[in-house]
Amino acid sequence: MLTRAVVHSTGTVLQPDSFPDLFYPQGETEDREKIMTLMQLEKEHVIKALQQTNWNRGITCDLLGISRPTLREKIKKYKLNQ
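Residues numbered from 1 in each chain as written. Predicted model: local features only at pLDDT ≥ 70, side-chain atom pairs only at ≥ 80, totals over all residues. Heavy atoms only, no water.

By the burial criterion, the buried members of helix α4 (residues 57-64) are Gly58, Thr60 and Cys61. Projected down its long axis, α4 carries its buried residues within an arc of 165°, all on one side. As for α4, its buried residues are in contact with α3 (38-52) and α5 (68-77). Two or three places before Gly58, at the opening of α4, Asn56 has a side-chain oxygen 3.1 Å from that residue's backbone nitrogen. One or two positions beyond α4, positive phi appears at Gly65, with a value near 75°. (Buried < 20%, exposed > 50% of the residue type's maximum accessible area, 1.4 Å probe, protein only. Helix = DSSP H or I, 4+ residues; strand = E, 2+ residues; numbered from the N terminus. Arc of directions from axis to C-beta. Contact = heavy atoms within 4.5 Å. Polar contact = N/O pair within 3.5 Å; in protein donor to acceptor, adjacent residues only side chain to side chain.)

It is worth spelling out the pattern of salt bridges at this point. Applying the stated criterion to the full structure yields two salt bridges. Its salt-bridge partner being Glu42, residue Lys74 comes within 2.7 Å of it at the nearest N-O pair. Of this pair, Lys74 sits in helix α5 while Glu42 sits in helix α3, and the two are 32 residues apart along the sequence. For Lys74, a relative accessible area of 17% translates into the label buried. Residue classification places Glu42 among the partly exposed residues on the basis of a relative accessible area of 26%. Between Lys77 and Glu42 there is a salt bridge, with its nearest N and O atoms 4.0 Å apart. Remark: Glu42 occurs in helix α3 and Lys77 occurs in helix α5; sequence separation between them is 35 residues. Of the residues examined, Lys77 reaches a relative accessible area of 46% and is grouped as partly exposed. Three or more residues joined by partner-sharing salt bridges are found here, namely Glu42, Lys74 and Lys77. (Salt bridge = Lys/Arg side-chain N within 4 Å of Asp/Glu carboxyl O.)

Taking 1.5 Å of rise per residue, the 15 residues of α3 would be expected to cover 21 Å, and the 21 Å separating its terminal C-alpha atoms lies within 8% of that figure. Val46, Ala49 and Leu50 are the residues of α3 that are buried. The buried residues of α3 occupy an angular sector of 100° when projected down its axis, which confines them to one face. Exposed positions of α3 whose direction lies more than 90 degrees from the buried face are Lys48, Gln51 and Gln52. Here the buried face of α3 lies against α4 and α5. Just downstream of α3 lies Asn54, where phi reads positive at about 55°. (Expected span 1.5 Å × (residues − 1).)

Nothing here speaks to function; it is geometry throughout.
As structure tokens, then:
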């Protein structure tokens, strides 16, 4: 693996891109640019939790470990509607 990284390296210092199998499982280096922002990830997580609980806010809060005011803020922030 090290020899291959040195041979394929374009610079003088090896970077994580030199070891795609180590840093990007299954050689999926193209997918690393598809990483969501934390806000996108949080929004999707809140949506999934709301859907899973059939929009029961009390159960959703318990599931996410947040308070009702925090859930209301996230619903407003992400403009989520039932």
